[in-house]
Amino acid sequence: MVEVEFLGPINKDKVTLEITNLSQLSEVLKKDSEISNWLDKCAVAVNDTLVSSKDVKLNDGDKISLLPPVCGG
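Residues numbered from 1 in each chain as written. Predicted model: local features only at pLDDT ≥ 70, side-chain atom pairs only at ≥ 80, totals over all residues. Heavy atoms only, no water.

### Regarding the sheet that holds strand β5 (residues 63-67)
Spatially, the five strands line up as an open sheet ordered β2-β1-β5-β3-β4, and their pairing is mixed. Edge positions in the open sheet fall to β2 (15-17) and β4 (49-51), since each of these has one partner strand only. Between one strand axis and the next, the sheet turns by 30 degrees as a mean value, whatever way the strands run. Relative to β5, strand β3 (residues 43-46) runs antiparallel, the two being bridged by four bridges. Within β5, the position partnered with Ala 45 by the bridge is Ser 65. (Pairing = 2+ DSSP bridges. Helix = DSSP H or I, 4+ residues; strand = E, 2+ residues; numbered from the N terminus. Axes fitted to C-alpha atoms, helices over the stretch in contact; angles between N-to-C directions.)

See the structure below:
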């Protein structure tokens, strides 16, 4: 099981999923209308390390973070 957290303005509670890679996560999240609009805009971190490939192997206990873009001054 992996834990998925949604940071910033996504405003969604953490979820726990039985998945083995980020491609599977993408398929699950595309079905959620609140999150699907964010998917193309977010950076993704696995265990606090940014990743750019959906082929990253996930292990039991991993934490995935969806990081939406931010702006500030």
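### Some remarks on the pattern of salt bridges
For the coordinates displayed, the defined rule picks out six salt bridges. When the shortest N-O distance is used, the salt bridge between Lys 12 and Glu 34 registers 3.8 Å. Of this pair, Lys 12 sits in the loop between β1 (2-6) and β2 while Glu 34 sits in helix α2 (residues 33-36), placing them 22 residues apart in sequence. Given a relative accessible area of 26%, Lys 12 falls into the partly exposed group. Residues Glu 27 and Lys 30 are paired through a salt bridge, measuring 3.6 Å at the closest nitrogen-oxygen approach. With Glu 27 and Lys 30 both in helix α1 (residues 22-30) and three residues apart, this pair spans about one turn of that helix. Accessibility expressed as a relative area gives 47% for Lys 30, which makes it partly exposed. Ionic contacts of the salt-bridge type, sharing partners, join the residues Glu 5, Asp 48 and Lys 63 into one network. (Salt bridge = Lys/Arg side-chain N within 4 Å of Asp/Glu carboxyl O. Buried < 20%, exposed > 50% of the residue type's maximum accessible area, 1.4 Å probe, protein only.)

### Things to note about α1
Taken together, the buried positions of α1 are Leu 22, Leu 25, Ser 26 and Leu 29. Seen end-on, α1 carries its buried residues on one side only, within an arc spanning 100 degrees. Tucked inside the fold, the buried residues of α1 contact β1, β2, α2, β3, β4 and β5. The distance from a side-chain oxygen at the start of α1 to the backbone nitrogen of Ser 23 is 3.0 Å, and the residue carrying that oxygen is Asn 21. (Arc of directions from axis to C-beta. Contact = heavy atoms within 4.5 Å. Polar contact = N/O pair within 3.5 Å; in protein donor to acceptor, adjacent residues only side chain to side chain.)

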